[in-house]
Amino acid sequence: MGISRKTFLQQSIASVLSISAAGLLYLPAAALPAARKRRLRIAVLSDGHFGQKNTDYAAFHSDALRWLQHEKQQGLDFIILNGDLFHDDPAALPGLRDWLAQLPAPWYASHGNHDRIAELVWQELTGRPYNHVVYLGRDVFIFLNTADAAGKYIQEPTTWMAEQLQRYRQVPNLFVVMHITPFGWTSAGHPHPDMVALFSAQPNLRAIFHGHDHEEDGYKLHEGKPYFFDGHTGGSWGVPYRGYRILEIAKDNSIYTYQVNPAQAQPVNEWKVKPD
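What you see is a predicted model; the values in this text were computed from it and never measured. (Residues numbered from 1 in each chain as written. Predicted model: local features only at pLDDT ≥ 70, side-chain atom pairs only at ≥ 80, totals over all residues. Heavy atoms only, no water.)

**Observations concerning the confidence of the model for the protein chain**
Taken residue by residue, the protein chain gives an average pLDDT of 89. The fraction at 70 or more is 87%. In this model residues 1-32 is a low-confidence stretch, pLDDT under 50, and it forms 79 contacts with partners more than four residues away in sequence or in other chains. (pLDDT = per-residue confidence, 0-100. Contact = heavy atoms within 4.5 Å.)

**Observations regarding the environment of V196**
Its place among the elements puts V196 in helix α5 (residues 193-200). By relative accessible area, which is 7% here, V196 ends up buried. Placed 15 residues apart in sequence, V196 and T181 show a C-alpha to C-alpha distance of 9.6 Å. Look past the residues within four positions of V196 in its chain and what remains in contact with it is P182, F183, H222 and Y227. (Helix = DSSP H or I, 4+ residues; strand = E, 2+ residues; numbered from the N terminus. Buried < 20%, exposed > 50% of the residue type's maximum accessible area, 1.4 Å probe, protein only.)

**As for the pairing of strand β11 (residues 219-222)**
In this sheet, strand β12 (residues 225-228) lies alongside β11 in antiparallel orientation, the contact comprising four bridges. Note on β12: the bridge partner recorded for Y219 is F228. Connecting β11 to the antiparallel partner β12 that follows it, the hairpin turn spans two residues, and E223 within it adopts a positive phi of roughly 50°. (Pairing = 2+ DSSP bridges.)

**So, the sheet that holds strand β10 (residues 205-209)**
The six strands are arranged β7-β8-β9-β10-β12-β11 in an open sheet whose pairing can be described as mixed. Each end of this open sheet is capped by a strand with a single partner; those strands are β7 (132-135) and β11. Ignoring strand direction, the axes of neighbouring strands in this sheet form an average angle of 20°. Of the strands in this sheet, β7, β8 (139-144) and β9 (173-178) are in contact with helix α4 (residues 158-167), which crosses β8 at around 180°. (Axes fitted to C-alpha atoms, helices over the stretch in contact; angles between N-to-C directions.)

Structure below.
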């Protein structure tokens, strides 16, 4: 089911969007895949940088919570937080825990280079180790660590990843969530050719999701595999808006994803991949 054999279409939505009571812009039901055809709907956020000095991180996270509550009204199965949940200093953890407790759906997180805590502390915070797998039957999400507890970029464990890819080779939809991209194609990427080779050779790997590069909110394609970015929800740099990405998996295994800028009327970008 490799994506290289699929038609990869970019579409634009020209319909007028509605405004909720909370002031959020959102797609009307007619513009979205029918809920009855949808199997999973997931919000992907990264780089909240809770606690970063000289930023209004409390307001940023209040906004993000409001966005997610709105998405929950549209149907939201779970949330992915793709790294840099906080900014370097573990003193931010109590406030971050309070925010996490308010999320309107189950959540899973990847470890980012600014999440500077030991793995045991990370596991206490998130309920899972740095590297872990979320198994949902037909859909599997592999969360891969890309930095150590001090924030240093690492060469991700190819042996562990190869084992997971083999173990879940028969599931229809496999996804990888990793904070730092394994390419040098962005300003903050960290090339890891051996990991890329594993991804390229995996037939059922549908997409790879990244955070880290705040300036990136689209996708890049390599050997038929899409690598998606989602900008940032916090921090002091990046694309000139704070936003997130939605991923939808249909019952026929079609994949639909679009980037959301809550302040504008249309998706920043959107992509659809249909199965063979």
